[in-house]
Structure formats: structure tokens, C-alpha cells
Amino acid sequence: MNEAVVVFLFLGFGIGAVYDVFRFFRLIFKKKWVEFIIDFLFFFTISPIIFLFLLSYNNGLVRVFYFTAVLLGYLVYILTLYRVTVHIFRPIANALRFILKKSLKSFKKVLQSIRKVYYNMLRHSTLRFKHSKKLRKKKNSGGLNEEDFSEFNT
């Protein structure tokens, strides 16, 4: 039993480290819906781990002191390494957020220019198609003037 409590203390410390990684992604993406998804993924990954530890050390029986040990291990992490990693992760997250914003902005400009090119090509091809229909109608009706070809000389 004492061995299991020590293991669950280390498990709580490990959970703190995993949460620190997820918190790093929360610092990069500061949208509420992204934070929700990251928190959901955290609990989705941690719950099976705690369950597997309970299964392996206590045959799946839930005891309060195991969760207390996990909580104490997490608090030890928060009071020790968390304070160090905050000062390391925050500037890195700010730099990554800046790089992501600039790259998304440039990618957006590239997509807009491609859209403009295709729009102009489509517009130009439909104009030619309309003019060729007019020319066919005039050819079938009789004569053609130089005014009919003035649109294509530009």
C-alpha cells in the first residue's frame, strides 16, 4: 500500500507535467473554443491513465487516499517546476503565436491572389464565349463590321 501511494504521488507529478505541455498549447492558441478542446483532450488522456494505475495497483478499487496522493503529487509539481516552466514557455509561445499569425496572413494573401487570377480567367473566358455567340449570330444573319472585332484588339 505504501508503494502504491508513492506511485500515485509520482503519477500526480507526471499529470502536472502533462498539463504543462497542454498549457503550452493554450498559451499559443488563446481562443476559448481551442482551450475547451485542449482541456477535453487533457482529461481524455489522463482519465484512462489514472484508471489503468488504479487497475494495476488496487484491482480497480477507488480509494480516496489514491486520489489524495495524485492531488498532492500534482500540487508538488505546481509549486516547484510549474513556476520555472511558466517563465520558459511564455516567450516561446508568444514567438510561435507571432510566427503563426504572420504565416497565416501570408498564406491568406497567396490564396486571395490565386482566387483573383482564377476569377479573372473565368470572367475573361465567359466574355469571349459571349462574344463568339454574338459573332455567330451576326455571321448567320449577314455581314460583319470592323466594330465587331474591336473588342478583341485590346
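Look above for the structure.
A quick note: this is a predicted structure, and the numbers were derived from the prediction, not measured.

Rules used throughout
- Residues numbered from 1 in each chain as written.
- Predicted model: local features only at pLDDT ≥ 70, side-chain atom pairs only at ≥ 80, totals over all residues.
- Heavy atoms only, no water.
- Helix = DSSP H or I, 4+ residues; strand = E, 2+ residues; numbered from the N terminus.
- Buried < 20%, exposed > 50% of the residue type's maximum accessible area, 1.4 Å probe, protein only.
- Contact = heavy atoms within 4.5 Å.
- Axes fitted to C-alpha atoms, helices over the stretch in contact; angles between N-to-C directions.
- Parallel < 35°, antiparallel > 145°, perpendicular 65-115°, else oblique.
- Left-handed = near helix turned anticlockwise from the far one by under 90°.
- Nonpolar A, V, L, I, M, F, W, Y, C, P; charged D, E, K, R; others polar.
- Phe/Tyr/Trp six-rings, centres within 6.5 Å; stacked < 30°, edge-to-face > 60°.
- Core = buried A, V, L, I, M, F, W, Y, C linked by side-chain atoms within 4.5 Å.
- Expected span 1.5 Å × (residues − 1).
- Salt bridge = Lys/Arg side-chain N within 4 Å of Asp/Glu carboxyl O.

Draft legend 1. Main features of the side chain of Asn58. Looking at where Asn58 falls in the secondary structure, it is placed in helix α2 (residues 32-58). Take Asn58: its relative accessible area is 14%, and that puts it in the buried class. If we skip the residues at most four places from it in the chain, Asn58 touches Phe53, Arg63 and Tyr66.

Draft legend 2. Structural context of the packing of helix α1 (residues 2-28) against α2. Here α1 crosses α2 at 165°, and the two axes come no closer than 10 Å. Overall, the two elements α1 and α2 adopt an arrangement that is roughly antiparallel. As α1 packs across α2, the resulting crossing turns out to be right-handed. Here Glu3, Ala4, Val7, Phe8, Leu11, Ile15, Val18, Tyr19, Phe22, Phe25 and Arg26 of α1 lie close against α2, whose contacting residues are Glu35, Ile38, Asp39, Leu41, Phe42, Thr45, Ile46, Ile49, Ile50, Phe53, Leu54 and Tyr57. Residue composition of the contact of α1 with α2, by class: 18 nonpolar, one polar and four charged.

Draft legend 3. Focus on the packing of aromatic side chains. Per the counting criterion, the structure on display carries twelve aromatic pairs. Between Phe24 and Phe89, the ring centres sit 5.0 Å apart and the planes meet at 55°, which makes this aromatic pair tilted. Here Phe24 is found in helix α1, whereas its partner Phe89 is found in helix α4 (residues 81-141), with 65 residues between them in sequence. Taking 5.9 Å as the distance between ring centres and 20° as the angle between the ring planes, the aromatic pair formed by Phe40 and Phe44 counts as stacked. With Phe40 and Phe44 both in helix α2, this residue pair falls four residues apart, about one helical turn. Each member of the pair, Phe40 as well as Phe44, carries the same accessibility label: exposed. Each member of the aromatic cluster is reached from another via a ring pair, and the members are Phe8, Phe53, Tyr57, Phe65 and Tyr66.

Draft legend 4. Structural context of the nonpolar core. Phe8, Leu11, Ile15, Phe42 and Ile50 are the most contacted members of the largest nonpolar core, which has 15 residues in total. Contributions of two or more residues to this core are made by α1, α2 and α3 (64-79). Apart from the residues lying within four places of it in its own chain, the contact partners of Leu11 are Ile49, Ile50, Phe53 and Val70.

Draft legend 5. Main features of α3. Along its 16 residues, α3 runs 22 Å from first to last C-alpha, staying within 8% of the 22 Å computed at 1.5 Å per residue. Among all positions in α3, only Tyr66, Ala69, Val70, Gly73, Tyr77 and Ile78 are buried.

Draft legend 6. Examining the pattern of salt bridges more closely. Under the counting rule described, the total for this entry stands at three salt bridges. Of the charged contacts in the structure, one is a salt bridge between Glu35 and Arg26, with a shortest N-O distance of 3.3 Å. Assigned by exposure class, Glu35 and Arg26 land together as buried. In this structure, Asp39 engages Arg26 in a salt bridge whose closest nitrogen and oxygen atoms are separated by 3.1 Å. With Asp39 in helix α2 and Arg26 in helix α1, the pair connects residues that are 13 residues apart, well separated along the chain. One continuous salt-bridge network, built from bridges that share partners, spans Arg26, Glu35 and Asp39.

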